[in-house]
Amino acid sequence: MEAWRNFNKGVWCDGIDVSNFIKLNYTPYDGDGSFLQGPTERTNKTMQRVNELLIAENEKGGVLDVCTERVLSILSHDAGYVVDKDTDIIVGLQTDAPLKRGVSPFAGFRNAVQACNAYGYELSEKIKDEFTYRTTHNTGVFRAYTDTMKAARHAGILTGLPDAYARGRIIGDYRRIALYGMDYLIEQKKLDKQKMGEKEVLDEETIHCLEDLSKQLDFMNQLKGLALRYGYDISKPATNAKEAIQWLYFGYLGAIKEQNGAANSIGRIAEFMDIYIQRDLEEGVLDETHAQELIDDLVVKLRLVRHLRTPEYNDLFAGDPVWVTMALAGVTGEGKHMVSKTSFRVLQTLYNLGPSAEPNITVLWSDRLPQGFKNFCAQVSIDTDSIQYENDDVMRRMYGDDYAIACCVSAMKMGKQMQFFGARCNLAKILLMALNGGKDEIEGHQIAPQGDVFDEKELSYEEVYTAYKKYLSWMARLYVNTMNIIHYMHDKYAYERLMMSLHDTDVERLMAFGVSGFSVAVDSLSAIKYAKVTPVKDERGIITDFKVEGKFPKYGNDDDRADLIGKDLIEYFYHELCKTPCYRGAKHTLSILTITSNVMYGRKTGSTPDGRKAGEPFAPGANPMHGRDCEGALASLNSVAKLNYACCQDGISNTFSITPDALGSDKDNQIDHLTTMLDGYFEQDAHHLNVNVLNREKLIAAMEDPTLYPSLTIRVSGYAVNFNKLTRDKQEEVIARTFHQSM
């Protein structure tokens, strides 16, 4: 086949196996970034147009335009371009104009109406009429919710649930389109459906799968139609680098036109693209300048991805993120690093196009990565604060060497696993509920089963922890059952037809649970154990405050007295989750991740035994509470590294800020110290690290005068965000975090 000329053959030729293709054909690169090229004149022209659009979007309150006349889908809009048909290299927009948002009511019609109204738009009567008689995911979920589920949701014990928006966190293997072409992929799905229908017994799950395959085939054909609107035929494999990038981008574009999920990552594509780029370079039809230009133009398109959200959604996930997460590097199962020149080219976009939150670039770190790449990553982190790191040596043991990251920190095998996303529950609030016998400390309602309310006398650690575990077990059962309802209804009313078509038919399912308030709960338990904590009740007889006397060890200082409380807490809750079966046989996973909802969770939580007062923000993710990790950067990292990834396979998010002077007196020293720190942290089997290298004063200046640093990008909790897109309360919370001034 002409499209596969000069490729090393293997089992990938006889069936769908992109991983085998990559390992047989990619070119490892051991050098540094000296080969990289700056932006072309065409790229600069494109970015001038993009920056004009971004300014206009910001001036209109964050939403430039909304198409209210039609429901967004794969074939809903005519072709659209950033500049024009002749200037764009990689083509395709969600609608017919850049930054114009589409309406996706299938997950929740009321939310779509509210999102339009919030930005001054009115949904068309045609769409309103159509959805008056249509059951959406949101409607189905609330029909099935129990009163207890609704009460827990209202109180903020369970928050951010994907019960009113599309679930996201599913990564289609878009590389398959470029390698095999759509016709072959369609034929394979037809064969799968035929084999499934020939079973002697068609049980409920088989019938479910047969319907899923019919939906997938419909949208696979629609994707071919989308490409034709831009003048491309993706029925056959890509024949060069530009086609390979365009083909896989069409797959991603079709997915985000169909679904506005919380996080639709693009996957692990750099090394795949590099194979085609390297072949074109060797054949003399491409040079390095234009190889970089291809990557630059793809990234421009990814930076323009937008979904229409309600203000309530933005309160949970601030900064208008879409999490176009792109994973780079890592190591093969045979121990060969997977750094290619395109790994460098992707990072170079942060210089050619300027710092940006999207795509959410994630480096899969290993001690086996070449030093030149490690140094370049550190340089980019210091210069842009735009990338994050995850431990490939830990994840590879569980996911093999062809996995990618969804959203922020969630690993899954490319095309072989999918995730049922599930937001998070509030560990700190559950502790308060245990102390109050199952009542909510804010409104006073009985939500959990009734238990004893603790007296206004010194708390006993053993008694508190026993009660806490009882309510954690109750919460685990409620959480799993709530998620089962959500994902049953999502499959029924808002199924991801195109994304799931780019998975193996016999896909493994993961159910992703999460927690917030982790460090608050840990420090509260530590205070009860090592200090003297006395509850204070209000006139209702509900504990609303605490008198804390004496010192206690705090999580984040490499002190096992506190750190191991946290380790035990997470492991207990995870094992309790596993006792309740998940929908469609999904495997339980757990994350310590809050996005920016740590601020909202704090608002919904009363005073806690660690001394935190009602309404104050939590720390993000697995971070120690602000200012409590006072023994230096390494001690803080060591505490987080003690958490067990085997119980947190959905990810352990750690957002780390350090001042430039703490890293070193000059750039070379800073690079050396940062790479050494990353190596040391991940050698302890730590999972994730966001790196910010900046001074608090810069953020304060940017908050007071946004024009000073219009493109300032920071890592917040598993993702990056333009600092100016955060609301004031979230900016203040970021500024209040620990900025380590010493190692």
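Residues numbered from 1 in each chain as written. Predicted model: local features only at pLDDT ≥ 70, side-chain atom pairs only at ≥ 80, totals over all residues. Heavy atoms only, no water.

Colleague: Describe the overall build of the protein, listing the residues and the values that go with them.
Modeller: For the protein, the helix and strand inventory stands at 27 helices and 19 strands. Relative to its length of 743 residues, the protein is compact, with a C-alpha radius of gyration of 25 Å against a globular reference of 27 Å. Across the 743 residues in the protein, those meeting the buried criterion constitute 65%. Here the contacts in the protein between residues at least 6 apart in sequence split such that 79% fall between residues at least 24 apart. (Helix = DSSP H or I, 4+ residues; strand = E, 2+ residues; numbered from the N terminus. Rg over C-alpha atoms; globule rule 2.2 N^0.38 Å. Buried < 20%, exposed > 50% of the residue type's maximum accessible area, 1.4 Å probe, protein only. Contact = heavy atoms within 4.5 Å.)

Colleague: Any details on the nonpolar core? Residues and values, ideally.
Modeller: Counting residues in hydrophobic clusters, the biggest one holds 225 residues, and the most contacted among them are Y468, M475, Y479, F573, I714 and F723. When residues no more than four places from it in sequence are discounted, the contact partners of I714 are D385, N692, L694, L699, Y719, A720, V721, F723, L726 and V734. (Core = buried A, V, L, I, M, F, W, Y, C linked by side-chain atoms within 4.5 Å.)

Colleague: Provide a residue-level description of the packing of helix α2 (residues 41–59) against helix α12 (residues 288–303), including the pertinent values.
Modeller: The description of two packed helices rests on the angle between their axes and on the distance between the axes. Two numbers describe how α2 lies on α12: the axes approach to 10 Å, and their chain directions differ by 10°. The orientation of α2 with respect to α12, classified from their angle, is roughly parallel. Each of R42, T43, T46, M47 and V50 in α2 lies in contact with α12, whose residues at this interface are E293, D296, D297, V300 and R303. (Axes fitted to C-alpha atoms, helices over the stretch in contact; angles between N-to-C directions. Parallel < 35°, antiparallel > 145°, perpendicular 65-115°, else oblique.)

Colleague: With reference to specific residues and values, describe helix α15 (residues 371–384).
Modeller: Spanning 14 residues, α15 covers 20 Å between terminal C-alpha atoms, matching the ideal 20 Å at 1.5 Å per step. At the C-terminal side of α15, D385 shows a positive phi close to 55°. (Expected span 1.5 Å × (residues − 1).)

Colleague: With reference to specific residues and values, describe helix α26 (residues 696–704).
Modeller: For α26, the set of buried residues is L699, A702 and M703. Seen from one end, α26 has its buried residues packed into an arc of 100°, which puts them on one side. Opposite the buried face of α26, by more than 90 degrees, sit the exposed residues E697 and E704. (Arc of directions from axis to C-beta.)

Colleague: Summarise the packing of aromatic side chains; cite the residues concerned and give the values.
Modeller: Counted according to the given criterion, the structure contains 37 aromatic pairs. Here F21 and Y276 contribute two aromatic rings whose centre-to-centre distance is 6.2 Å and whose plane-to-plane angle is 45°, an arrangement assigned as tilted. Of this pair, F21 sits in helix α1 (residues 18–25) while Y276 is found in helix α11 (residues 270–283), placing the two residues 255 residues apart along the sequence. By relative accessible area, which is 0% here, F21 ends up buried. Through a chain of ring-to-ring contacts, three or more aromatic side chains come together here, namely W4, F7, W12, F21, Y180, Y184, F272 and Y276. Geometry around Y403 places R268 over its ring, the cationic atom sitting 5.0 Å from the centre. Directly above the ring of F552 sits K554, whose terminal nitrogen or CZ lies 4.4 Å from the centroid. (Phe/Tyr/Trp six-rings, centres within 6.5 Å; stacked < 30°, edge-to-face > 60°. Lys NZ or Arg CZ within 6 Å of the ring centre and 35° of its normal.)

Colleague: Outline the state of the cysteines, supporting the account with residue identities and numerical values.
Modeller: What the rule picks out here adds up to zero disulfides. The closest cysteine sulfur to the non-disulfide-bonded C209 is located on C582, 17 Å from its own sulfur. Residue C209 is classed as buried on the basis of its relative accessible area, which comes to 13%. (Disulfide = S-S within 2.5 Å.)

Colleague: Requested: an account of the sheet that holds strand β17 (residues 688–693), with residues and values cited.
Modeller: One open sheet holds the five strands; their spatial order is β4-β5-β6-β17-β16, and the pairing between them is mixed. Lying at the two open borders of the sheet, with one neighbouring strand each, are β4 (326–329) and β16 (655–658). With strand direction ignored, the average angle separating the axes of adjacent strands in the sheet is 30°. In the packing of helix α16 (residues 392–399) onto the sheet, the strands contacted are β5 (361–365) and β6 (387–391), and the crossing angle to β6 comes to about 55°. (Pairing = 2+ DSSP bridges.)

Colleague: Can you explain empty space enclosed by the protein? Please cite residues and give values.
Modeller: Considering all chains together, one arrives at eight cavities of 30 Å³ or more under this definition. Quantified by volume, the largest cavity comes out at close to 140 Å³. As for the largest cavity, its lining consists of 16 residues, of which D212, Q216, Y495, M500 and R509 are closest to the centre. Taken together, the elements giving at least two residues each to the lining of the largest cavity come down to α9 (204–229) and β9 (417–420). Taken as a whole, the second largest cavity holds about 120 Å³ of empty space. Around the second largest cavity, the lining is made up of 14 residues, and of these N623, D629, T655, R737 and T738 lie nearest the centre. (1 Å grid on protein atoms, 1.4 Å probe; cavity = no way out; pocket = protein on both sides within 12 Å on 5 of 7 lines; lining within 4 Å. Points joined across faces, edges and corners; volume = space filled by probe spheres on them.)

Colleague: I'd like a description of the environment of L593, backed by residues and values.
Modeller: Tracing the backbone through its elements, the reader meets L593 in the loop between β14 (587–592) and α22 (597–603). The exposure class assigned to L593 is buried, which follows from its relative accessible area of 0%. Separated by 78 residues in sequence, L593 and V515 place their C-alpha atoms 6.6 Å apart. Non-local contacts of L593, meaning those with residues more than four positions away in its chain, are made with R169, C408, V409, R424, V515, G621, S653, S717 and G718.

Colleague: Account for the pattern of salt bridges, naming residues and giving values.
Modeller: Applying the stated rule across the entire model yields 56 salt bridges. Its salt-bridge partner being D320, residue R101 comes within 2.8 Å of it at the nearest N-O pair. Within this pair, whereas R101 is found in strand β2 (residues 100–103), its partner D320 is found in the loop between α13 (311–316) and β4, the two being separated by 219 residues in sequence. The buried category is assigned to R101, whose relative accessible area is 2%. In this structure, R167 and E496 form a salt bridge, with 2.8 Å as the shortest nitrogen-oxygen distance. Within this pair, whereas R167 is found in the loop between β3 (158–159) and α7 (175–180), its partner E496 is found in the loop between α18 (461–493) and α19 (497–501), the two being separated by 329 residues in sequence. (Salt bridge = Lys/Arg side-chain N within 4 Å of Asp/Glu carboxyl O.)

Colleague: Give me the lowdown on the pairing of β9, citing residues and values where you can.
Modeller: The side-chain alternation of β9 yields two buried faces, one formed by Q417 and Q419 and the other by M418 and F420. As paired strands, β9 and strand β11 (residues 508–516) are joined by four bridges and run parallel to one another. Among the inter-strand pairings, Q417 is bridged to a residue of β11, identified as E508.

Colleague: Outline the environment of P553, listing residues and values.
Modeller: Looking at the element boundaries, P553 is found in the loop between β13 (543–549) and α21 (560–577). Not counting residues within four places of it along the chain, the set of residues in contact with P553 comprises S526, Y530, D559, R561 and A562.

Colleague: Tell me what's going on with the packing of α11 against helix α14 (residues 341–352), and back it up with residues and numbers.
Modeller: The geometry of α11 relative to α14 is characterised by a closest axis approach of 8 Å and an angle of 110° between their N-to-C directions. Of the possible angle classes, the one that applies to α11 and α14 is roughly perpendicular. Of the residues in α14, those in contact with A270, E271, M273, D274, I277 and L281 of α11 are K341, T342, S343, R345 and V346. Its residues assigned to classes, the contact of α11 with α14 comprises five nonpolar, two polar and four charged. (Nonpolar A, V, L, I, M, F, W, Y, C, P; charged D, E, K, R; others polar.)

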